[in-house]
Every structure is written in C-alpha cells, then in structure tokens.
Amino acid sequence: MNLKKLLSIIEQLLQKLRNKDMKISQEGLSLIKKFEGCEYNAYKCAANVWTIGYGHTADVKEGDLVTQQQADKLLEEDISVFEEIVDKAVTVPLHQNQFDALVSWTFNLGGGNLNASSMLRVLNEMLYEDVPYQMKKWNKATVDGKKIVLDGLVRRREAEALLFEGKEWYEV
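What counts as what
- Residues numbered from 1 in each chain as written.
- Predicted model: local features only at pLDDT ≥ 70, side-chain atom pairs only at ≥ 80, totals over all residues.
- Heavy atoms only, no water.
- Pairing = 2+ DSSP bridges.
- Helix = DSSP H or I, 4+ residues; strand = E, 2+ residues; numbered from the N terminus.
- Phe/Tyr/Trp six-rings, centres within 6.5 Å; stacked < 30°, edge-to-face > 60°.
- Buried < 20%, exposed > 50% of the residue type's maximum accessible area, 1.4 Å probe, protein only.
- Core = buried A, V, L, I, M, F, W, Y, C linked by side-chain atoms within 4.5 Å.
- Salt bridge = Lys/Arg side-chain N within 4 Å of Asp/Glu carboxyl O.
- Polar contact = N/O pair within 3.5 Å; in protein donor to acceptor, adjacent residues only side chain to side chain.
- Contact = heavy atoms within 4.5 Å.

## Describing the pairing of strand S4 (residues 146–149)
If a strand is regular, its side chains alternate between the two faces of the sheet.
Then comes step 1: Pairing of strand S3 (residues 140–143) with S4, which is carried by 4 bridges, proceeds in the antiparallel orientation. For Lys140, the partnering residue across the bridge sits in S4 and is Val149.
Then comes step 2: Hairpin remark: S3 followed by S4, antiparallel, with 2 residues in the connecting loop; positive phi at Asp144, about 55°.

Pasting the structure below:
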C-alpha cells in the first residue's frame, strides 16, 4: 500500500469519527415534518402502507390513533434509526446540511435504497456536486403495481437537494 492511499484511509477514518455524533438539526426535522405532515389517524400512504404521525409505519394498523406528543416521540425514535443508517453508509466528511438532507432522503426511502443507490456511491467518491442530481432521481412510488412520478416526491427531492447544497428549500 502506498503512502497516499494510507493517508487517504486515515483521513476517512478520522472524519468518520468526527461524524459519529452527528444528529439531525432542527432544519432537517423541519423538512421531514413539512413533507410528511402529521396525521393523528392511521391512513394508507401513496405506496399503500399504513402510516401515522410523521410517516411512522412500524406496527401501524387501520384505526390507530396518536396524539401530537406521541407523534413527536415516534418521529424522534424513527429518526435515530435513520441517523445511524446514514452514519454507517457514508464514508466521507459531511456538513450538517448534507447530513440532514441524507437523513430526510433515507427516512422517506429506507436504508436499503440508500445502500443500493448510485447517490451513495458518488457521495462516497467525494463527488458532492453530483449528489443533488442523484437525489432527485428517486421521485417515483409504486401505485397499483406501477412506478409513477409523484409531484410530492419531486418537490421533496428538490428540497432535499437544495438543503444538501446549503440553499433555501422552504419555498419548494
């Protein structure tokens, strides 16, 4: 192994340690809350999955109800899972806004999609400028067995891409 490669590996490990305690910021939570909305009654989302609160899907069934306090608690618990998924998958340095955008993206699409995505590959190659384009490609959901572009996902991916770039996303 040459010295340049060794130094690169050491730098990645050091950065990974620096990112280890990164948590989503209020801005990242605001993006998730805006696009998820908060529903106190269980409903089926566009992908036909029972959902409640801010996009919570685990163990949700028809007729379930939550209070605002319960919805906030579920979101907090769910977010911690996705923070960890992003932390494990990303091997390069991140700014807070980039981490927030990735957690929002992964919260919506799942860890399996993050790990299988070309977005993660280009990010881990430190091609930061390509990540927003890669994020925006994920704008489809399966509805009635067909993959279709959903306006809400187009807007969410645009907001996440803008947040990743450190730009204003609120008007999306």
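## A closer look at the packing of aromatic side chains
The geometry of an aromatic ring pair is captured by the separation of the ring centres together with the interplanar angle, meaning the angle of the planes.
Then comes step 1: Summed over all chains, the structure comprises 3 aromatic pairs.
Then comes step 2: Seen in terms of ring centroids, Phe82 and Phe107 are 5.4 Å apart; in terms of plane orientation they differ by 70°. Their pairing is edge-to-face. Of the two residues, Phe82 sits in helix H3 (residues 68–89) while Phe107 sits in helix H4 (residues 96–109), which places them 25 residues apart along the sequence. Residues Phe82 and Phe107 agree in their burial class; the two are buried.
Then comes step 3: Taken together, a centroid distance of 5.3 Å and an interplanar angle of 75° make the contact between Trp105 and Trp138 edge-to-face.

## Quick look at the nonpolar core
Then comes step 1: Ile79, Val90, Leu102, Leu123 and Met135 are the most contacted members of the largest nonpolar core, which totals 40 residues.
Then comes step 2: Where this core is concerned, the elements lending two or more residues are helix H2 (26–36), H3, H4, helix H6 (118–124), helix H7 (131–136) and helix H8 (151–164).

## Looking at the environment of Arg121
Then comes step 1: If you trace the backbone, Arg121 turns up in helix H6.
Then comes step 2: C-alpha separation for the pair Arg121 and Thr91, spaced 30 residues apart in sequence, amounts to 10.0 Å.

## Re the pattern of salt bridges
Then comes step 1: A full pass over the atoms with the stated rule returns 10 salt bridges.
Then comes step 2: For Asp64, the salt bridge identified is with Lys61, shortest N-O distance 3.2 Å.
Then comes step 3: Residue classification places Asp64 among the buried positions, given a relative accessible area of 19%.

## Let's talk about the side chain of Ser117
Then comes step 1: With respect to the helices, strands and loops of the structure, Ser117 is situated in the loop between helix H5 (111–116) and H6.
Then comes step 2: In terms of polar contacts, Ser117 uses its side chain to reach the backbone amide nitrogen of Leu120, at 3.0 Å.
Then comes step 3: Here Ser117 is in contact with Trp105 and Trp138, once residues within four sequence places are set aside.

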